[in-house]
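# Descriptive structure summary
In case you want the letters, here they are:
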Amino acid sequence: FAIIGVFSFVGFQIDHRTHTSPLFTLILILFGLALAFYPFLKNQSPQMKWIISLILLTFIFIITSFFIPNYLLFPFRWMTVGMAFNSFIFYFMVNKSKANNAYSSLAAIVVKFILSGAIVIIYFIITESKNKIDYYFFFLAYILFSIISYTGAYYLNKNQENKKQ
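Criteria and cut-off values
- Residues numbered from 1 in each chain as written.
- Predicted model: local features only at pLDDT ≥ 70, side-chain atom pairs only at ≥ 80, totals over all residues.
- Heavy atoms only, no water.
- Helix = DSSP H or I, 4+ residues; strand = E, 2+ residues; numbered from the N terminus.
- Buried < 20%, exposed > 50% of the residue type's maximum accessible area, 1.4 Å probe, protein only.
- Axes fitted to C-alpha atoms, helices over the stretch in contact; angles between N-to-C directions.
- Parallel < 35°, antiparallel > 145°, perpendicular 65-115°, else oblique.
- Left-handed = near helix turned anticlockwise from the far one by under 90°.
- Contact = heavy atoms within 4.5 Å.
- Nonpolar A, V, L, I, M, F, W, Y, C, P; charged D, E, K, R; others polar.
- Phe/Tyr/Trp six-rings, centres within 6.5 Å; stacked < 30°, edge-to-face > 60°.
- Expected span 1.5 Å × (residues − 1).
- Arc of directions from axis to C-beta.

Looking only at helices and strands, the protein chain features six helices and zero strands. N-terminal to C-terminal, the α/β element order of the protein chain is α-α-α-α-α-α. The C-alpha extent of the protein chain, read off along each of the three principal axes, is 55 × 40 × 15 Å. Out of the 165 residues belonging to the protein chain, those deemed buried represent 36%.

Rendered as structure tokens:
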């Protein structure tokens, strides 16, 4: 946890000096987490790696939200926690699927895309915001959670195929 603390402190200091609110804090916390938890994660099953990664990224976004200005707080939390919720739904849909090929998660992918669009549409309807940074938060969360979700689904399917052989 000391590694995570050092990386988050450095990121916070860079953000404070460059006025780029949570950007460097988030990036450096991700690097710190990857470095700190690598020995633990490398011995876990693909399913466990996937859920731990989703939980850690969700906690990073929640913790990062305490360091951003109040006027950005609602859009940041709406977009990031909404995408976290979306990714957990995808995780449980893929894990409940009994088929073990790439096509088995097609329904989960469709639901993920629909819910992703709903997050942005509902936010726009509620706030009528035209602030671009609100949507940047969405794209940041979408990209990070998608990398974890699709990588987790791939390795889960690959692991299931290897067990069959």
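We now examine the environment of Leu41. Along the chain, Leu41 falls in helix α2 (residues 23–41). Taking relative accessible area as the criterion, Leu41 reaches 17% and is therefore assigned buried. With 27 residues separating them in the primary sequence, Leu41 and Ile14 have C-alpha atoms 29 Å apart.

What follows concerns the packing of α2 against helix α3 (residues 46–64). In the contact formed by α2 and α3, the axes pass within 11 Å of each other and the chain directions differ by 150 degrees. Classified by the interaxial angle, the pair formed by α2 and α3 is roughly antiparallel. As α2 runs across α3, the sense of the crossing is right-handed. Every residue of α3 that contacts α2 at Leu26, Ile29, Leu30, Leu33, Phe37, Phe40 and Leu41 is listed here: Lys49, Ile52, Leu56, Leu57, Ile60, Phe61 and Thr64. Residues of the contact of α2 with α3, tallied by class, amount to twelve nonpolar, one polar and one charged.

A word on unusual backbone geometry. The phi dihedral of Glu128 falls on the positive side, at around 50 degrees, and the residue is not glycine. Classification of Glu128 as exposed rests on a relative accessible area of 59%.

The next point concerns the packing of aromatic side chains. Inspection of the entire model under this criterion finds 13 aromatic pairs. With a centroid separation of 5.0 Å and 75 degrees between ring planes, the pair formed by Tyr91 and Phe92 is classed as edge-to-face. Judged by its relative accessible area of 7%, Tyr91 falls in the buried class. Chaining the aromatic ring pairs together yields one cluster made of Trp50, Phe90, Tyr91, Phe92 and Tyr150.

Next up on the list: the environment of Leu54. Here Leu54 lies in helix α3. Considering only alpha carbons, one finds Leu54 and Gly152, 98 residues apart in sequence, at a separation of 9.7 Å. Residues contacting Leu54, with those up to four places away along its chain left out, are Ser87, Phe88, Tyr91, Phe145, Ile148 and Ser149.

Let us now look at helix α5 (residues 106–127). In this model α5 runs 32 Å from its N-terminal to its C-terminal C-alpha over 22 residues, within 8% of the 32 Å that 1.5 Å per residue would give. Among all positions of α5, only Ala108, Lys112, Ser116, Ile119 and Tyr123 are buried. End-on view of α5: buried residues confined to an arc of 85 degrees, all on one side of the axis. What points out from α5, more than 90 degrees from its buried face, is the exposed set Leu106, Ile114, Ile121 and Ile125. Downstream of α5 by a residue or two, Glu128 has a phi angle that is positive, lying close to 50 degrees.

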